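# Summary of structural features
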Amino acid sequence: MRNNPLFGPLVACLLAFGFPSRLHAQTPTCDSLRPERKTVADAVLRTQHPYECCDGTIAACLQERPVCRLARRLANDVCRRAASGQSQADIERALVRRAASMTTTQRRAVDTSQFEPAGAATAKVQVVAYVCARCPFCARLITQLQQSVTQGGLKDKTRLHIRLFPIRSHSGSTEGGLALVAAQKLGKFWPFLLHLYRNFDSFDPARLPDCAERQGMNRDEFIRLYNDAATRALLTDSKREGVRNKIDATPTILINGKPWTGDLDMPTLQDAVEEEDDRVNGREHE
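Remember, predicted model here, so these are calculated numbers, not experimental data.

## A few points about the pattern of salt bridges
Inspection of the entire model under this criterion finds 29 salt bridges. Lys157 is paired through a salt bridge with Glu274; the nearest N and O atoms lie 3.6 Å apart. Taken as a pair, Lys157 in the loop between α7 (136–150) and β3 (158–164) and Glu274 in helix α13 (residues 266–280) lie far apart in primary sequence, 117 residues in all. Looking at Lys157, the relative accessible area reads 26%, which means it is partly exposed. Glu274 gets classed as buried once you look at its relative accessible area, which sits at 15%. Arg163 serves as the salt-bridge partner of Glu241, at 2.9 Å between the closest nitrogen and oxygen. Here Glu241 is found in helix α12 (residues 229–244), whereas its partner Arg163 is found in strand β3, with 78 residues between them in sequence. For the pair formed by Glu241 and Arg163, the shared burial category is buried.

## What to know about the state of the cysteines
Overall, the coordinates contain three disulfides when judged by the stated rule. Two residues share a disulfide in this structure: Cys30 and Cys79, whose sulfurs sit 2.0 Å from each other. Across the S-S bond linking Cys30 and Cys79, the dihedral sits near 100°, which makes this disulfide right-handed. On the criterion of sequence distance, the pair formed by Cys30 in helix α2 (residues 28–31) and Cys79 in helix α5 (residues 69–83) is long-range, its members being 49 residues apart. Here Cys30 matches Cys79 in class, with each residue buried. Note that Cys54 is cross-linked by a disulfide to Cys61, the S-S spacing being 2.0 Å. Classification of the bridge connecting Cys54 and Cys61 rests on its S-S torsion, roughly -95°, and on that basis the disulfide is left-handed.

Scoring rules and cut-offs
- Residues numbered from 1 in each chain as written.
- Predicted model: local features only at pLDDT ≥ 70, side-chain atom pairs only at ≥ 80, totals over all residues.
- Heavy atoms only, no water.
- Salt bridge = Lys/Arg side-chain N within 4 Å of Asp/Glu carboxyl O.
- Helix = DSSP H or I, 4+ residues; strand = E, 2+ residues; numbered from the N terminus.
- Buried < 20%, exposed > 50% of the residue type's maximum accessible area, 1.4 Å probe, protein only.
- Disulfide = S-S within 2.5 Å.

Shown next, in the form of structure tokens:
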């Protein structure tokens, strides 16, 4: 019966009317929801469609064999959001933003040669993050993203590139940016960036040479590079590139050149990057 062209629509109809009950099995994340939260998730799963891989609703696609990997990803995303208390409307808006990000044909041109990347050199997914040294949200997200790319779930799947985009309203953004360029020239970009972000609240421009020295840099050379006109020019070039790419806030993420306009919590972002890894490696079904 599975090969019958009516099978998919039949499953969708059965799911819509809640019969039979055995078709409600979805994913462990969904099946573990409390009843009131599962009602919210089910309403989304029975009405929303994956944007690739399967033509039915997410719920119907989960019943097909082989299973569309994207349908399973979206189901887990929906149920994670439902578990956190989001409403049906909130979840559906998040799915729209995710679909727009992952299916856009827009690509942004980025110079990835200026700053040391993190992650696997052979990875087929490149993530670019436009960041400000004094952006509090960057401090949280980029430390998590770097950890995932180098040691966690995105290891060997992703190469992470940083572009500096100092925000004028962030006090110390220029000083922090200049310090990061100097650290890059001294081979200490990532240790210094992570140090600044992990000690975000104690930032003091006057103490930047002390921080550099603690990260293994020559103090005098750091100060020289910090004040070098070429360092300021590189920071300015990075900012201008961001302006050309219509960046107006940090952090801004590009996934293989595509602007990410979805939520910027780490679980959602990691899942989107893994989705892109599936796509570029031709893994549509499981």
